[in-house]
Amino acid sequence: MGAALVAATGASIGAVGNLIEDGLQVEWAGNWLYLPGMLLLGPGLAGLTVAVAVFGQGAHRLLAGVPAATLIGFNLLERGGGVLVLIAWLAAAAVALRIVAGVNRRPLEVTP
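Quick look at the structure, then. (Residues numbered from 1 in each chain as written. Predicted model: local features only at pLDDT ≥ 70, side-chain atom pairs only at ≥ 80, totals over all residues. Heavy atoms only, no water.)

For the chain, the helix and strand inventory stands at four helices and zero strands. Helices (α) and strands (β) of the chain occur, in sequence order from the N terminus, as α-α-α-α. When each of the 112 residues of the chain is scored for burial, the buried share is 21%. A fraction of 43% describes how many contacts in the chain between residues 6 or more apart in sequence connect residues 24 or more apart. A total of about 8,100 Å² of accessible surface is found on the chain, and carbon and sulfur atoms cover 71% of it. (Helix = DSSP H or I, 4+ residues; strand = E, 2+ residues; numbered from the N terminus. Buried < 20%, exposed > 50% of the residue type's maximum accessible area, 1.4 Å probe, protein only. Contact = heavy atoms within 4.5 Å. Areas by Shrake-Rupley, 256 points an atom, 1.4 Å probe, with all protein chains shown as cover.)

The following block contains the structure:
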């Protein structure tokens, strides 16, 4: 959970910095908010990948590919990394929907 919190904090700080820098044309926000946020996001995603791969059970370990692909896509953003992130998150959504559909297919046990 700690790695996810670090990644979420980094992404949030970076998003606020980007909003201030690009939206309000305040140049210092890029250096003082966006950059530190992105420096938190990288290790947070790497830690989250390791945590899901090590502590996940069964097929859920495959979901470690989502933060890994997000980290790779983040680093390759100028070279089409956004497409990799999109594919990873769509695949994760498909897996999540399959898990939910599998849970809903189980017959209910009714006790009198």
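There is more to say, and it comes next.
So, on to the side chain of Thr70. As for its placement among the helices and strands, Thr70 is situated in helix 3 (residues 65–75). Taking the relative accessible area as the measure of exposure, Thr70 reaches 15% and is therefore buried. Engagement of the side chain of Thr70 in a polar contact is seen with the backbone oxygen of Val66, the distance being 2.7 Å. A polar contact of 3.0 Å, which involves the side chain of Thr70, links it to the side chain of Trp89. (Polar contact = N/O pair within 3.5 Å; in protein donor to acceptor, adjacent residues only side chain to side chain.)

Let's shift gears to a nonpolar patch on the surface. Together, Val50, Val54 and Phe55 make up an exposed nonpolar region whose accessible area comes to about 330 Å². Residue placement: Val50 occurs in helix 2 (residues 28–55). (Patch = residues over 30% accessible without salt bridge, like charges linked within 9 Å, V, L, I, M, F, W, Y side chains within 5 Å. Salt bridge = Lys/Arg side-chain N within 4 Å of Asp/Glu carboxyl O.)

Right, let's talk about the packing of helix 1 (residues 2–23) against helix 2 for a bit. Two measures define how a pair of helices packs: the angle their axes make with one another and the distance between the axes. The geometry of helix 1 relative to helix 2 is characterised by a closest axis approach of 7 Å and an angle of 155 degrees between their N-to-C directions. In terms of orientation, helix 1 and helix 2 fall into the roughly antiparallel class. The hand of the helix 1/helix 2 crossing is left-handed. For the contact of helix 1 with helix 2, a count of residues per class yields 16 nonpolar, nine polar and one charged. (Axes fitted to C-alpha atoms, helices over the stretch in contact; angles between N-to-C directions. Parallel < 35°, antiparallel > 145°, perpendicular 65-115°, else oblique. Left-handed = near helix turned anticlockwise from the far one by under 90°. Nonpolar A, V, L, I, M, F, W, Y, C, P; charged D, E, K, R; others polar.)

With that settled, consider the packing of helix 2 against helix 3. Where helix 2 meets helix 3, the closest approach of the two axes is 8 Å, and the angle between their N-to-C directions is 150 degrees. When the axes of helix 2 and helix 3 are compared, the pair comes out roughly antiparallel. The element helix 2 and its partner helix 3 pack so that their crossing is left-handed. Counting all contacts with helix 2, which are made through Met38, Leu41, Gly42, Leu45, Ala46, Leu48 and Thr49, the residues of helix 3 involved are Pro67, Ala68, Thr70, Leu71 and Phe74. Across the contact of helix 2 with helix 3, the residue classes break down as nine nonpolar, three polar and no charged.

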